[in-house]
Amino acid sequence: MNLDRNNRIGEVDERIYGSFIEHLGRAVYGGIYEPEHPLADEQGFRKDVVELVKELKVPIVRYPGGNMVSAYNWEDGVGPKESRPRRLELAWRTIETNEVGTNEFVDWAKKVHADVMMAVNLGTRGIDAARNLIEYTNHPGGTYWSDLRKSHGYEQPHNIKTWCLGNEMDGPWQVGHKTAYEYGRIAQETGKAMKLVDPSIELVACGSSNTGMPTFPEYEATVLDIAYNEVDYISLHQYYGNRTNDPANYLAKNMDMDHFIHSVIATCDYIKAKHRSKKTIMLSFDEWNVWYHSNEGDKEIEPWTVAPPQLEDVYNFEDALLVGSMLITLLNHADRVKMACMAQLVNVIAPIMTENHGRSWKQTIFYPYMHTSVFGRGIAIQRILSSPKYDSKDFTDVPYIDSASVLNQEEEELTIFLVNKHLEDSISLQADLRSFEGYRLIEHIVLENDDLKATNTVKEEKVFPHYNGHSTLQDGMLEVELAKTSWNVIRLKKSLE
């Protein structure tokens, strides 16, 4: 492998390490919010969860959905709690109590030092509700909705700067599902109205819900053709699973993610050329993760209950490896992927799990997410990597080694993220780092386990990193031994001598 500090992919936008909280399952109620919990603060938010989110350094959190936003009335979640209605939540067929709404979520986001990516309802609602919501959250005062916010105890505007124009509107499962033309028109007009209220905001248009949608990528092309001047980002959503218990094929699935990103970039740039525009549409991969473990169990959940345990995947070690490779894929597209949200953050397909009235703990996927978020801020460096390859059921020429590198110029630190996908053998890697003169090796973090199915539970944490990785640096040449099926973080820093 060769790394040249002048061969750069692009600046890593910290929002690439974002996450997502939807009013779904126990993400909110029993997750971030549980007033009866011994560790609840004065607003009812769990302080143990706050600390775990802060450990992840999550920079932005998408809210309140997700599928549920397509039938959500934001007005239900503001004002005195005793006056808020209980509603049928149609996306996940539960009861929404509206104890937590816009203002409470903004308060929580401040506690975890994150910004808010707010979604508006373009399923059952549209321009009017969206313009009223942004007036409520962002306008200083002197109007009906901004003064209503003040009457609710929030004198200063929230100044939410990132907004999603609906969610997965290409999906027939969506309440208010729309064709690409229908959605493009409502997105264009809603975005126009919202930017009249606050011209400083950025807008994310819905792209395809996944690469398997029959309208992909024509949906993106049509939407952008209509709404190009109003929007700044197009969204991508993708989840992966190992339903056939084929780990070699499963660990290759970030190649599909890479292909998805390339296809959407090509579509965006085609419309840019068609419009002869100087504006480049960036990508917001605002739903991504592993999701398949809980599918069968979710079918047994009784409908119309409050905060049932939905989508509570218990992640294993191989899931952590794929998550690491997906993060590497995002970093290697840092020039165009400027936002991304691991879906979701707590309990619902999440790196953090909780017991109601009890403990919280870290799932296996917590660690690659935390490592990249903490150490992967700066400039993504292009790497020249020669890796042995394999073929799997769905993929050919799969590199055994995935890698991404990030240079933090302010701290003069270089971090190299590596995944070895080989199921049986360690792999020796040599990296030419001579352009990083004066750098020394700080640490080599490794996440490994002999059991690909090992999990972390409230009772026992079987998957956690150690700091005894095998690597040496001499005369600018890095020698690394990558253990079989392992996630590796190699950190280097320029010497002060």
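Notes on the structure follow.

A word on helix 8 (residues 254-275). Here helix 8 is 22 residues long and its end C-alpha atoms lie 32 Å apart, about the 32 Å a rise of 1.5 Å per residue gives. The inward-facing, buried residues of helix 8 contact helix 6 (218-227), strand 9 (233-240), strand 10 (282-290), helix 10 (317-331), strand 11 (337-343) and strand 17 (401-408). Arginine 276 sits one or two positions beyond helix 8 and adopts a positive phi of about 55 degrees.

A few words now on the packing of helix 6 against helix 8. Between helix 6 and helix 8, whose axes approach to 9 Å, the crossing angle comes to 35 degrees. Between helix 6 and helix 8 lies a crossing of right-handed hand. Across the interface between the two elements, Glu220, Ala221, Leu224 and Asp225 from helix 6 touch Val264, Thr267, Cys268, Ile271, Lys274 and His275 from helix 8. Class assignment for the residues of the contact of helix 6 with helix 8 results in 5 nonpolar, 2 polar and 3 charged.

Glancing now at the pattern of salt bridges. Proximity of charged atoms lets side chains of opposite charge pair with each other. Per the stated rule, a full pass over the model turns up 31 salt bridges. In this structure, aspartate 41 and lysine 111 form a salt bridge, with 3.0 Å as the shortest nitrogen-oxygen distance. On the criterion of sequence distance, the pair formed by aspartate 41 in the loop between strand 2 (18-20) and helix 1 (47-56) and lysine 111 in helix 2 (residues 102-111) is long-range, its members being 70 residues apart. When its relative accessible area of 22% is taken as the criterion, lysine 111 is described as partly exposed. One salt bridge connects glutamate 296 with lysine 299, and the closest N-O pair in it is separated by 3.0 Å. By relative accessible area, lysine 299 is classed as exposed at 59%.

Here the amide bond leading from tyrosine 63 into proline 64 is cis, since omega sits at 0 degrees, within 30 degrees of zero. Locating proline 64 in the fold gives a position in the loop between strand 3 (60-63) and strand 4 (87-89). That bond from alanine 343 to glutamine 344 is cis: its omega, -5 degrees, falls within 30 degrees of zero. Along the chain, glutamine 344 falls in the loop between strand 11 and strand 12 (352-354). Its identity is not glycine, yet isoleucine 349 carries a phi of approximately 35 degrees, on the positive side. When you line up the elements, isoleucine 349 lands in the loop between strand 11 and strand 12. Phi at aspartate 475 takes a positive value of approximately 55 degrees, unusual for a residue other than glycine.

The subject of this paragraph is the sheet that holds strand 8 (residues 202-205). The 8 strands lie next to each other as 2-3-6-7-8-9-10-11, forming a closed barrel whose pairing is parallel. Between one strand axis and the next, the sheet turns through 30 degrees on average, direction left out of account. In terms of strand pairing, strand 2 meets strand 3 through 2 bridges, oriented parallel. If you follow phenylalanine 20 over to strand 3, its bridge partner there is arginine 62. Along the sheet, helix 8 contacts strand 9, strand 10 and strand 11; its crossing angle with strand 9, the most-contacted strand, is approximately 160 degrees.

What follows is about the packing of helix 5 (residues 180-197) against helix 6. The geometry of helix 5 relative to helix 6 is characterised by a closest axis approach of 8 Å and an angle of 35 degrees between their N-to-C directions. The hand of the helix 5/helix 6 crossing is right-handed. For the pair formed by helix 5 and helix 6, the contact residues are Ala180, Tyr181, Tyr183, Gly184, Arg185 and Gln188 on the first element and Tyr219, Thr222, Val223, Ile226 and Ala227 on the second. Counted by class, the contact of helix 5 with helix 6 contains 7 nonpolar, 3 polar and 1 charged residues.

For the structure on display, the rule yields 16 aromatic pairs. On the numbers, 5.7 Å between centres and 80 degrees between planes, the contact of phenylalanine 260 with phenylalanine 285 is edge-to-face. One end of the pair, phenylalanine 260, is in helix 8; the other, phenylalanine 285, is in strand 10, with 25 residues separating them in the sequence. For the pair phenylalanine 260 and phenylalanine 285, a shared accessibility class is recorded, and that class is buried. Aromatic ring contacts, followed pair by pair, group Trp74, Tyr136, Tyr144 and Trp145 into a single cluster. The ring of phenylalanine 20 is capped by arginine 62, whose NZ or CZ atom sits 4.5 Å from the centre of that ring.

Bringing the side chain of threonine 102 into the picture now. Residue position: threonine 102 is located in helix 2. Non-local contacts of threonine 102, meaning those with residues more than four positions away in its chain, are made with Tyr63, Gly77, Val78, Met118, Leu133 and Thr137.

About the criteria used
Residues numbered from 1 in each chain as written. Predicted model: local features only at pLDDT ≥ 70, side-chain atom pairs only at ≥ 80, totals over all residues. Heavy atoms only, no water. Helix = DSSP H or I, 4+ residues; strand = E, 2+ residues; numbered from the N terminus. Expected span 1.5 Å × (residues − 1). Contact = heavy atoms within 4.5 Å. Axes fitted to C-alpha atoms, helices over the stretch in contact; angles between N-to-C directions. Left-handed = near helix turned anticlockwise from the far one by under 90°. Nonpolar A, V, L, I, M, F, W, Y, C, P; charged D, E, K, R; others polar. Salt bridge = Lys/Arg side-chain N within 4 Å of Asp/Glu carboxyl O. Buried < 20%, exposed > 50% of the residue type's maximum accessible area, 1.4 Å probe, protein only. Pairing = 2+ DSSP bridges. Phe/Tyr/Trp six-rings, centres within 6.5 Å; stacked < 30°, edge-to-face > 60°. Lys NZ or Arg CZ within 6 Å of the ring centre and 35° of its normal.

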